[in-house]
Amino acid sequence: QFHMIKYEDLSCDESLGQGSFTRIFKGKKIDIHDGEKRVTEVLLKELDATHKNCWESFFEAASLMSQIAHRHLLLVYGVSVHGAKNIMVQEYVKYGALDLYLKRGRSVSVSWKLDVAKQLASALNFLEEKNIVHGNICAKNLLLAREGDPSQGSSPFIKLSDPGISMAMVGKDVILDRIPWVAPEVLGAPEKLTLECDKWSFGATVWEIFNNGNSLLRGWNLDQKKQFYESFQQLPPSQWTELADLISQCMDYQADFRPSCRSIIRQLNSLITSDYVILHATEPVTQ
Ligand SMILES: Nc1cnc(-c2cc(N)nc3[nH]ccc23)cn1
């Protein structure tokens, strides 16, 4: 259900690290377009052969993203199978993962963060309209295509990456490690991901963005993380009450109490026009 790319049409350049089951490389894809050779910068996501059994889930994630097109969804060009290698070919997004970008201490303004949150909300709204569950919304899966330059008034531009191997396929520990992004109800039924799960993750991701990519629970062990949900704890509220309200609505332990995407977008729009934004043009960089 998606484009097969010939291995010989790909060239693999430097390694960009690895995900939980994948290794990623920067590369190039060559295709002939109206008779002339065209080279496109791509990201190559190679599923290591040891996890062969997950490859249908790997490809399913890719095919989900390649069946629908949206400005804030990462473009998947196709897949290439070469011997024991399964390679997903994605568009290369210049500035990489948002969590690393924020952790590198870039001081970005409140309106920059709200802009990113709104773009994520519009991608989620699009998926909700198609009744498609992403299942792995977090700043690591948000890719920054444009930094945005406040002096030039240009805003950032993000792309939501594929969810990777589905929750149903990964072990319980991987799910626990995704606390606080994974919705609490997923721990009991990882195969039953719903649109509401993405709302919870959206709340955790907005919290993460406003915390400059730092996660409160980083370094906690799996028991402590599990305990966080079992005692119905919430992430510490932002001192901006309207933002804290939106995050806590999304991170409601009652899945059906979580707001619709339209409500999320409406609330983000009113945040964008609030005077808090002007007062906090750029947050002091907290190291
Ligand atoms: N679809 C994607 C995904 N990741 C990137 C990327 C960009 C960059 N500058 N550094 C990186 N380091 C690791 C990944 C990555 C690009 N495109």
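Summary of the structure given here.

About the cut-offs
Residues take numbers from 1 onward in each chain, read along the sequence in its written order. For a predicted model such as this one, the threshold for reporting local features is a pLDDT of at least 70, and the threshold for listing and counting side-chain atom pairs is 80 or more; totals across whole chains, interfaces and linings nevertheless cover every residue. Just so you know, side-chain values use all the structure's heavy atoms and leave hydrogens and water out. In the sections that follow, a salt bridge refers to a side-chain nitrogen of Lys or Arg positioned within 4 Å of a carboxyl oxygen of Asp or Glu. Helix and strand assignments follow DSSP, with helices taken as H or I runs no shorter than four residues and strands as E runs no shorter than two, numbered in order from the N terminus. Classification of residues uses two cut-offs on accessible area relative to the type maximum, computed with a 1.4 Å probe and protein chains only: under 20% is buried, over 50% is exposed, and between them is partly exposed. Proximity is defined per residue: if any heavy atom of the residue lies within 4 Å of a molecule or strand, that residue is considered near it. We define a polar contact as two N or O atoms separated by no more than 3.5 Å, with the added condition that, inside protein, one atom must be a possible hydrogen donor and the other a possible acceptor, whereas residues neighbouring each other in sequence contribute only through side-chain atom pairs. Only Asp, Glu, Lys and Arg are considered charged in this grouping, and only Ala, Val, Leu, Ile, Met, Phe, Trp, Tyr, Cys and Pro are considered nonpolar; every other residue, Gly among them, is considered polar. Angles shown run from 0 to 180 degrees and are taken between the N-to-C directions of axes, each axis being a line fitted to C-alpha atoms and, for helices, limited to the stretch in contact. Throughout, a contact is declared for two residues whenever any of their heavy atoms are within 4.5 Å. Pairing between two strands requires that DSSP report at least two bridges joining them. Note on aromatic pairs: the rings of Phe, Tyr and Trp (six-membered ring only in Trp) are paired at centre separations within 6.5 Å, and the planes decide the class, stacked below 30 degrees, edge-to-face beyond 60, tilted for the rest. Counting as a charge over the ring demands two things of the Lys NZ or Arg CZ atom: a distance within 6 Å of the ring centre and an angle within 35 degrees of the ring normal. The directions from the helix axis to the C-beta atoms form the arc being described. Throughout, nonpolar core names a set of buried Ala, Val, Leu, Ile, Met, Phe, Trp, Tyr and Cys residues whose side chains join them through atoms within 4.5 Å.

### With respect to the pattern of salt bridges
Here the structure, examined in full by the defined rule, presents 13 salt bridges. Across the pair E41 and K26 runs a salt bridge, and its minimum N-O distance is 3.1 Å. With E41 in strand β3 (residues 36-47) and K26 in strand β2 (residues 22-33), this pair connects stretches of sequence that are 15 residues apart. By relative accessible area, which is 43% here, E41 ends up partly exposed. One salt-bridge network, held together by shared partners, links E128, E196 and K199.

### Focus on the site of the ligand
Lining the immediate environment of the ligand, one finds L16, I24, L43, L74, Q90, E91, Y92, V93, K94, Y95, G96 and L143. At 2.8 Å from a nitrogen atom of the ligand is found a main-chain nitrogen or oxygen belonging to V93. Take K94: an N or O atom from its main chain is 2.7 Å from a nitrogen atom of the ligand. Classifying every residue of the shell around the ligand gives eight nonpolar, two polar and two charged.

### Digging into unusual backbone geometry
Note that the residue after I179, namely P180, is joined by a cis bond; omega there is 15°. Not every positive phi belongs to a glycine, and D34 is a case in point at roughly 35°. Even without a glycine there, the phi angle at N212 is positive, about 50°. Structurally, N212 is set in the loop between α6 (195-210) and α7 (222-230).

### Quick look at the packing of α6 against helix α8 (residues 241-250)
One can describe the packing of α6 onto α8 by two numbers: an axis separation of 7 Å at closest approach and a directional angle of 145°. Residues K199, W200, F202, G203, V206, W207 and F210 of α6 lie in contact with α8, whose contacting residues are L243, I247 and C250. Grouping the amino acids of the contact of α6 with α8 by side-chain chemistry returns eight nonpolar, one polar and one charged.

### Things to note about the sheet that holds strand β5 (residues 85-91)
Strand pairing in a sheet is mediated by backbone hydrogen bonds. Such pairs are either parallel or antiparallel. Overall, antiparallel pairing links the five strands, which are arranged β1-β2-β3-β5-β4 in an open sheet. On the outer flanks of this sheet lie β1 (10-18) and β4 (76-82), each paired with one strand and no other. Mean inter-strand twist for the sheet, computed between neighbouring axes without regard to direction, equals 30°. Bridge count between β3 and β5: six bridges; the pairing is antiparallel.

### Here's the deal with the packing of aromatic side chains
Counted according to the given criterion, the structure contains nine aromatic pairs. Between Y101 and W112 the ring centres are 6.0 Å apart and the planes differ by 10°, which places this aromatic pair in the stacked class. With a gap of 11 residues between them, Y101 in helix α2 (residues 98-103) and W112 in helix α3 (residues 110-129) connect regions that are remote in the sequence. Considering the side-chain rings of Y229 and Y253, the 6.0 Å spacing of their centres and the 90° angle between planes classify their relative orientation as edge-to-face. Pair noted here: Y229 is in helix α7 and Y253 is in the loop between α8 and α9 (261-272), with a separation of 24 residues, a long-range link. Side by side, Y229 and Y253 carry an identical accessibility label, which is buried. Here the aromatic cluster, defined as three or more aromatic residues joined through ring pairs, consists of W200, W220, F228, Y229, F232 and Y253. Its end group placed over the ring of Y92, K26 keeps NZ or CZ at 4.5 Å from the ring centre. Sitting above the plane of the Y77 ring, K29 keeps its charged end 4.5 Å from the centroid.

### Looking at α7
Residues lying three or four places apart along an α-helix face the same way, a consequence of the helix completing one turn every 3.6 residues. Listed as buried for α7 are K225, F228 and Y229. End-on view of α7: buried residues confined to an arc of 90°, all on one side of the axis. Looking at the buried residues of α7, the elements they touch are α4 (172-177), α5 (184-188) and α6. Phi turns positive, to about 50°, at F232, one or two residues after α7.

### Focus on the nonpolar core
Of all hydrophobic cores here, the largest spans 78 residues; its most connected members are L98, F202, W240 and L268. No other element matches α3, which puts 11 residues into this core. Excluding residues that lie within four positions of it along the chain, L98 makes contacts with W112, V116, A139, L142, L144 and I209. Grouped together as the second largest cluster of nonpolar side chains are seven residues, L10, V42, L44 and I87 included.

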